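# Survey of secondary and tertiary structure
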Amino acid sequence: MSAIALRGPERVVIYQHRRALWSAGALALVGVAVVVAAWLWASSASDTFAGSGCSVENTVRGCGDTVRAFLDTELRFSRAVDYAGLAMMVLPACVGMFVAGPLIGRELENGTYITSWSQSVSPARWLAARLAVPAVLTLAGVSVLSAFSAWAWSRAKGTHYPRGDWYEREIYGAMGSAPVGYALCMLALGALAGLLLRRTVAAMVVTVLAYVPLVMVLNRVREDLWPTARFLGGDRPGGDAWLVDSGMLTASGKAIYPKDCFGGAGDTAACMRGLKEATEFADYHPASHFWPLQLVETGILLVLAALAVALAFRVLRRRHG
């Protein structure tokens, strides 16, 4: 987005915060470049190792140093992917802090918003510009970074140091549409915090504190956002399946979970008698549930973002007409 192509308060937002925006973009590019460089190095090392005649599983005399060098290279790439995933987890909080602090809180704290409002810019238009510009940049930037995270994770899965399964919190939260939803939600919450508190540091702190319970709650209920599949028999579903729960299915079709017999307040003996001639089952999410879970969670986050934005405009109207 170019400041030259914009008019009015949107252009002012870009101009005022151009250094921060350029810095954020440069930091993201550096992170991407580091991960790509680590992957290229690991790919080159893999090709070299394949032609060395050595094997990781059956190391023979004279191959020790070659195997260690190869595994060290793969480990560096896997760690780079780990750091990129952690950065994606922190990114929504950073977006919210930027909006709550420098973009809104500081202007209200210093009184510089009066200059904008005195130049035929209504309070609603002023707030809309401070939401629209970062929203567009966040939507574009986080979408690209999310796709890049998925690419990096898929490459790391093929190494000797795979980075876990798709449903693990650090991996799930760095891919798909969920990172975009979290970033937009925190953007809206940051704007609301800035308007309510009118203090830069306080608004930034409250925004970060709001992010923690949001992530914890959605991580806790994630498995229930989409109906699970059920597998009957003693074996567990293979592949990248996310095992949610397991138990026994009685002849009458009643599902009995371990907590029903051992974690509840009922008659344990009667519960155990009901397990006779029962079939073991497992409730799970197959890998095909990744996108349904992502889209439902993203929808929840976007609803929260819309509510926060509506409340922010209401606060603005009450205070400034």
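Everything that follows concerns the structure shown earlier in this document.
Residues numbered from 1 in each chain as written. Predicted model: local features only at pLDDT ≥ 70, side-chain atom pairs only at ≥ 80, totals over all residues. Heavy atoms only, no water.

## Comments concerning the state of the cysteines
As enumerated under the stated definition, the model contains 1 disulfide in all. What pairs with Cys54 in a disulfide is Cys63, and their sulfur atoms sit 2.1 Å apart. Where Cys54 bonds to Cys63 through sulfur, the torsion about that S-S bond is close to -75 degrees, and the disulfide is left-handed. (Disulfide = S-S within 2.5 Å.)

## Comments concerning the pairing of strand β4 (residues 279–285)
Within a regular strand, the side chains alternate between the two sheet faces. Burial analysis of β4 places 5 of its 7 residues in the buried class, which makes it a mostly covered element. Pairing between strand β1 (residues 229–232) and β4: 4 bridges, direction antiparallel. Pairing of Leu232 across the sheet is with Phe281, part of β4. Taken together, the 7 bridges between strand β2 (residues 242–249) and β4 define a ladder with antiparallel strand orientation. Residue Gly247 lies in a different strand from β4, and its bridge partner there is Phe281. (Buried < 20%, exposed > 50% of the residue type's maximum accessible area, 1.4 Å probe, protein only. Helix = DSSP H or I, 4+ residues; strand = E, 2+ residues; numbered from the N terminus. Pairing = 2+ DSSP bridges.)

## Observations concerning helix α7 (residues 178–197)
The terminal C-alpha atoms of α7 lie 28 Å apart, and with 20 residues this matches the ideal 28 Å at 1.5 Å per residue to within 8%. Burial runs high along α7: 17 of the 20 residues are buried. Two residues or fewer past α7, Arg198 is found with a positive phi of approximately 60 degrees. (Expected span 1.5 Å × (residues − 1).)

## Looking at the layout of surface pockets
Over the atoms a probe the size of a water molecule is rolled, and this reveals where empty space is left. Estimated volume of the largest pocket: approximately 1,300 Å³. Taken together, 38 residues line the largest pocket, and the ones lying closest to its centre are Ala24, Gly25, Ala28, Leu91 and Leu145. Secondary-structure elements contributing two or more residues to the lining of the largest pocket are α1 (9–16), α2 (18–50), α3 (64–110) and α5 (123–157). Of the residues belonging to the lining of the largest pocket, the class tally is 31 nonpolar, 6 polar and 1 charged. (1 Å grid on protein atoms, 1.4 Å probe; cavity = no way out; pocket = protein on both sides within 12 Å on 5 of 7 lines; lining within 4 Å. Points joined across faces, edges and corners; volume = space filled by probe spheres on them. Nonpolar A, V, L, I, M, F, W, Y, C, P; charged D, E, K, R; others polar.)

## Focus on empty space enclosed by the protein
Counted under the stated rule, the structure contains 2 cavities of 30 Å³ or more. In this structure, the largest cavity occupies an estimated 80 Å³ of space. Met88, Met89, Pro92, Arg169, Gly173, Pro179, Tyr182, Tyr211, Val215, Asn219 and Arg222 are the residues that line the largest cavity. Residue assignment for the lining of the largest cavity shows that the elements contributing at least two residues are α3, α7 and α8 (200–221). Split into classes, the residues belonging to the lining of the largest cavity amount to 7 nonpolar, 2 polar and 2 charged.

## A look at unusual backbone geometry
We note that Arg198 has phi near 60 degrees; this positive angle belongs to a residue other than glycine. Within the secondary structure layout, Arg198 lies in the loop between α7 and α8. On the basis of relative accessible area, Arg198 is assigned to the partly exposed category, the value being 21%.

## Topic: the sheet that holds β2
Read from one edge of the open sheet, 4 strands run β1-β4-β2-β3, paired in antiparallel fashion. Edge positions in the sheet fall to β1 and β3 (255–256), since each has one partner strand and no second.

Note that every value here comes from positions in space, so none of it alone points to a role or purpose.
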